[in-house]
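Read off the chains here:
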Amino acid sequence: MSTPPRVRFAPSPTGYLHVGGARTALFNWLYARKTGGVFVLRIEDTDQQRSTEENTQVILDGLRWLGLQWDEGPVFQGEAVARHRADAERLLAEGKAYRCFCTKEELEAQRKATLKGAEAFKYDRRCDRLPAAEVAARMTQGMPFVIRFRMPQEDIAWNDAVHGTITFHGRDLDDLIILRADGTPIYNMAVVSDDIAMRITHVIRGDDHISNTPKQLALYRALGAAIPTFAHVPMILGADGKKLSKRHGATAVGDYQNLGILPAAMRNFLALLGWSPGEDREIMAEAELIALFSLEGIQKKPAVFDTTKLEWMNGQYLSLLPTEELLEPVARELDRLNLNYGSREVLVPYINAVKARSRTLLDVARQVAVRLDSHQLELDEKGRSLIKQMGDGYFRSLALAHETLSAISEGEWRHERILAALKDTVEKEGLKLGDLLQPIRVALTGSTVSEPVNELLEVVGRSSALARLTAAARSLANSQ
RNA sequence: GGCCCCAUCGUCUAACGGUCAGGACACCACUCUUUCAAGGUGGUAAUACGGGUUCGAUUCCCGUUGGGGUCACCA
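### What about the layout of surface pockets?
Within this model, the largest pocket holds a volume of roughly 1100 Å³. Every residue lining the largest pocket is counted, 38 residues in all, and those nearest its centre are Pro11, Ser12, His18, Asp208 and His209. Secondary-structure elements contributing two or more residues to the lining of the largest pocket are strand 1 (6-9), helix 1 (19-35), helix 6 (187-197) and strand 9 (202-206). Sort the elements by how many residues they give to the lining of the largest pocket and helix 1 lands first, with 5 residues.

Take a look at the structure:
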């Protein structure tokens, strides 16, 4: 009986939680849930300059929002520097690492000199050739030094759970610094030391770490530790095929939260970026996702983040969600618009009317807002072009609609009665129903898309509907 | 540039030597609603290229091209 797997998500709090990181976290979480393993959250805050408490909070909030509950942590890497240092010094004591007295400036000069060459820069190990007496002398002088790991000059390979065998050659690898002059550890040292200490069995991380893996593997061996399974998941790219970054617009998990994406939809969509259950499955509940997940199903090539498909998926989740669950987020959005609607219960018929026609919570809120308050009305692209297309016909239709509808009393203002009246007028005038209904739709909502017009009229109410028809006709007259 | 990874419709993907190369988003058409959407039905659209291996390659091997990642006393 083997021990349960232990996986980790290890973001550094130097920025927000971006969708690539969120997906890495999701895969780790799914793997842990699937295998009965443990999902550890580790905050890699060893870069004191760029790490902030605020970023940490944003990352934690993002994970919680996505429903990715961790089992251990958050563990802060910065709290374990003593161990990192001890591991580095052990390598030094065992002769697997050496002191390097080269300054940043010297290294920079060396780097410049080789940059033009056919190969990448590699430290020439000059300090490794220093006689022991010289090292001792420099130390008594108090010369600052870093500790460098002596990279074995042999092939380093591993069997990656998504890529298969990946091989690097020791001759291409640099003697990496593992401890800075100030005694703080460098990333690769800290990670290996932590993953060993936390008994991590599966390292599931982004493809951008592939080049770190041979270095870390060498460190594991030098430390005599068991080597975990590595799984490098593909990157997420923007629509232009370039690595997803801020210039692509929304890349932070929080951005999608603000856009009105539901956590379940985001999770489902992210899972399908670079992973497939193998059948033609798309919409999957949390339990199905967990049941179907496997490392084998992870794609090797990078995936392009398609916001349109995310919104489609969100629309699917939205229309399945009971209206009660939409009450709170929609109300919050309306509050932001400073809209007065009385009690939340008032919103129910409005949400019901627009829910199936929306892709995001923001869509829902905006449509509800327009129905509640004519000041929220804004002509959209299609509305504008309809008016242009109909010309005078639009004006006539509004007048006709107003005449027809004002004949209906407040007490009779029900969608059945409204539809009957409108049909009646259409017949008398020899029009098509759409000729009358589309203008009403645009006048009332600014958009060409809504629930059936008679229902829209009922929801908006008699006086507001008539006022909007008049206002639309007037503003049209003014603009001509 | 060195090293590493990768390559099926525009996008996300299925296929683990034999399929008319399937599904989803997007797009188009039709349909339903005496209305716009949604829904339903159908359609356009892909194995980057060149060599092998094989009776047979999307699938295995090699090369080319293209893309991505990475080369810090950052993580």
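### Some remarks on the packing of helix 12 (residues 323-336) against helix 14 (residues 361-372)
Where helix 12 meets helix 14, the closest approach of the two axes is 9 Å, and the angle between their N-to-C directions is 65°. Crossing of helix 12 over helix 14 shows right-handed handedness. From helix 12, Leu326, Pro329, Val330, Glu333 and Leu334 reach across to helix 14, where they touch Leu361, Leu362, Val364, Ala365, Val368, Ala369 and Leu372. Across the contact of helix 12 with helix 14, the residue classes tally to 11 nonpolar, no polar and 1 charged.

### Thoughts on the pattern of salt bridges
Under the defined criterion, the tally for this structure stands at 26 salt bridges. Across the pair Asp194 and Arg42 runs a salt bridge whose closest N-O atoms are separated by 3.7 Å. In this pair, Asp194 sits in helix 6 while Arg42 sits in strand 2 (residues 38-43), placing the two residues 152 residues apart along the sequence. By relative accessible area, which is 0% here, Arg42 ends up buried. As a salt-bridge pair, Asp424 and Lys428 come within 3.9 Å of each other at their nearest N and O atoms. Here Asp424 pairs with Lys428, and both are found in helix 17 (residues 415-429), just 4 residues apart, close to one helical turn. With relative accessibility at 41%, the residue Asp424 sits in the partly exposed group. It is possible to trace a salt-bridge network through shared partners that takes in Arg8, Arg42, Glu44, Arg83, Asp194 and Asp195.

### Brief notes about the pairing of strand 7 (residues 164-169)
For a regular strand, the rule is simple: side chains alternate between the two faces of the sheet. Across 6 bridges, strand 6 (residues 155-160) lies against strand 7 in antiparallel orientation. Bridging from a neighbouring strand, Asp155 pairs with His169 of strand 7. Once strand 6 ends, the chain turns through 3 residues before running back antiparallel as strand 7.

### Quick word on the packing of helix 18 (residues 433-445) against helix 19 (residues 453-460)
For any two helices packed against each other, the geometry comes down to the angle between their axes and how far apart the axes lie. In the contact formed by helix 18 and helix 19, the axes pass within 10 Å of each other and the chain directions differ by 30°. Crossing angle aside, the handedness with which helix 18 passes helix 19 is left-handed. When helix 18 is examined against helix 19, the residues Leu437, Ile440, Arg441, Leu444 and Thr445 are found in contact with a partner set consisting of Val453, Leu456, Leu457 and Val460. Residue composition of the contact of helix 18 with helix 19, by class: 7 nonpolar, 1 polar and 1 charged.

### Some thoughts on the confidence of the model for chain A
Averaged over chain A, the pLDDT score is 91; the fraction of residues at 70 or greater is 98%. The lowest-confidence element of chain A is helix 4 (residues 104-115), averaging 81 in pLDDT; the highest-confidence one is strand 1, averaging 98. Here the complex is predicted with pTM 0.93, and the ipTM for its interfaces comes to 0.94.

### Remarks on the protein's contact with RNA strand B
Surveying the vicinity of RNA strand B reveals 64 residues, the closest of which are Asp47, Arg180, Gly274, Glu282 and Lys301. Per the 4 Å cut-off to the protein, sugar and phosphate atoms form 75% of the nearby atoms of RNA strand B. Within the side chain of Asp47, a nitrogen or oxygen atom sits 2.4 Å from a sugar or linking oxygen of RNA strand B. A distance of 2.9 Å separates a base oxygen of RNA strand B from a polar atom in the side chain of Arg50. Going through the elements one at a time, helix 4, strand 7, strand 12 (303-304), helix 11 (307-320), helix 18 and helix 19 are the ones with two or more residues in the surface near RNA strand B. Residues that form the surface near RNA strand B fall into these classes: 22 nonpolar, 20 polar and 22 charged.

Conventions used here
Residues numbered from 1 in each chain as written. Chains lettered and ligands numbered in written order. Predicted model: local features only at pLDDT ≥ 70, side-chain atom pairs only at ≥ 80, totals over all residues. Heavy atoms only, no water. 1 Å grid on protein atoms, 1.4 Å probe; cavity = no way out; pocket = protein on both sides within 12 Å on 5 of 7 lines; lining within 4 Å. Points joined across faces, edges and corners; volume = space filled by probe spheres on them. Helix = DSSP H or I, 4+ residues; strand = E, 2+ residues; numbered from the N terminus. Axes fitted to C-alpha atoms, helices over the stretch in contact; angles between N-to-C directions. Left-handed = near helix turned anticlockwise from the far one by under 90°. Contact = heavy atoms within 4.5 Å. Nonpolar A, V, L, I, M, F, W, Y, C, P; charged D, E, K, R; others polar. Salt bridge = Lys/Arg side-chain N within 4 Å of Asp/Glu carboxyl O. Buried < 20%, exposed > 50% of the residue type's maximum accessible area, 1.4 Å probe, protein only. Pairing = 2+ DSSP bridges. pLDDT = per-residue confidence, 0-100. Near = heavy atom within 4 Å. Polar contact = N/O pair within 3.5 Å; in protein donor to acceptor, adjacent residues only side chain to side chain.

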